[in-house]
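# Breakdown of the fold
Each chain is listed here by its residues.
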Amino acid sequence: MTSFVWQIVGMVLLFGTVWLGNFLWRHRLGHRPSRVEALAAFVLLGTLAGGFWGAFAWWQNLPYAFSWPLPGLAARMLAAAGWSFALASALALWRPYPTHLRLVLLMLWVYLAPLTAAILTQHLDRFDFTREVTVAFFIIVVLLLVTSSFSLLALPRQDLGTEEPPNSLSSWALGLIGAVAGLWAVTLFLKPDGPWPLIWPWPGDALTTRLIASMFLTIAVGAIAARPDQQLGRTVFWTTITYGVGVVIAGVAHVMTAEPSPMGYSDVTWPKSYMTVWGVLGAIAAVALVGSWRSGVGNPRQRSRDV
């Protein structure tokens, strides 16, 4: 099928997912939503649908799927980020109390804002504004930044009587995930072209490096923000597990299918550091997630809120 046909199919899937998600969210909410709740849900539904369905095109690195040419490994890691955001958004909409919505909205804002600032100040020359996907990219980014910012400002910062203090394992895991992902993110953002391929696999492509760093920073900030509440921690754990598994599979696919090219790498090697670190962080998140479920056994309110 042509790219135009695929775009039509994508639009149908996108709007269908948003419609179904809105129906389920309103059913779960149990009361008439306020305007800010409706706006927050709209942002997360768009993130869920766009991240989930867009990831299939990013994984295949289709030429019309993104605004600038991506090396194969980065395209697949972007797809893993899309599926991770889709799951986080779904979890927040399934249990749509304000701090849960705020957590995922904050993660979305952190993903977009630093990257957008870097694009506007340093990387605009990488974009071809005659392409439809480029125009759509900037429209979507601006809409998501504006709506997520307003929602974060308007949503309540606390939930009365719903806090669930994390156990020690969850606190330790969130702290470790936040520290490792945050340190790596800041390193890649501030110095996107470093000397070691283990850390910088895309030499000469600072924009792609910062795109990948955005997801690292997202998970780091999410882990820090989730530390006061066990339920929020579970959402971050699920996000980390999904991204960790995605990065490992992306690394395998990279070696199996990639060829050396000027964009990204001079030879095809295993992205060992990325696969190892995110595989380990995903495993730690899985252990902490199981521990958080067990710590909730026996408390009816905790069981009703477990994910």
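By convention here, each chain's residues receive numbers from 1 onward along its written sequence. Only residues with pLDDT of 70 or above have their local features reported here, since the model is predicted, and side-chain atom pairs are shown and tallied only from 80 upward, although totals for entire chains, interfaces and linings are computed over all residues. Note: side-chain values were computed over all heavy atoms of the structure, leaving out hydrogens and water.

## Side note on the packing of aromatic side chains
To pair, rings of Phe, Tyr and Trp, with the six-membered ring standing in for Trp, must have centres within 6.5 Å; the planes then decide the type, stacked if under 30 degrees apart, edge-to-face if over 60, and tilted in the middle. Counted according to the given criterion, the structure contains 26 aromatic pairs. Between F52 and W53, the ring centres sit 4.8 Å apart and the planes meet at 85°, which makes this aromatic pair edge-to-face. On the numbers, 5.9 Å between centres and 35° between planes, the contact of W196 with W200 is tilted. Through a chain of ring-to-ring contacts, the aromatic side chains of W58, F66, W68, F127, F129, F137 and F138 assemble into a single cluster. In this structure, R76 is placed above the aromatic ring of W59, and the distance from its NZ or CZ to the ring centre is 5.6 Å. Only when the NZ atom of a Lys or the CZ atom of an Arg is both within 6 Å of the ring centre and within 35 degrees of the ring normal do we say a charge sits over the ring.

## Looking at the environment of L232
Put simply, DSSP H or I for four residues or longer makes a helix, DSSP E for two residues or longer makes a strand, and each gets a number counted from the N terminus. Looking at the secondary structure, you find L232 in helix α8 (residues 230-257). The buried category is assigned to L232, whose relative accessible area is 6%. In sequence terms L232 and L103 are 129 residues apart; their C-alpha atoms lie 7.3 Å from each other. Contact between two residues is taken to exist if any of their heavy atoms lie within 4.5 Å; hydrogens are not considered. Excluding anything up to four places from it in sequence, L232 contacts Y97, T99, H100, L103, A225 and A226. The rule is simple: take the accessible area with a 1.4 Å probe, protein chains only, and divide by the maximum for that residue type; under 20% is buried, over 50% is exposed, in between is partly exposed.

Keep in mind these values describe shape, not function.
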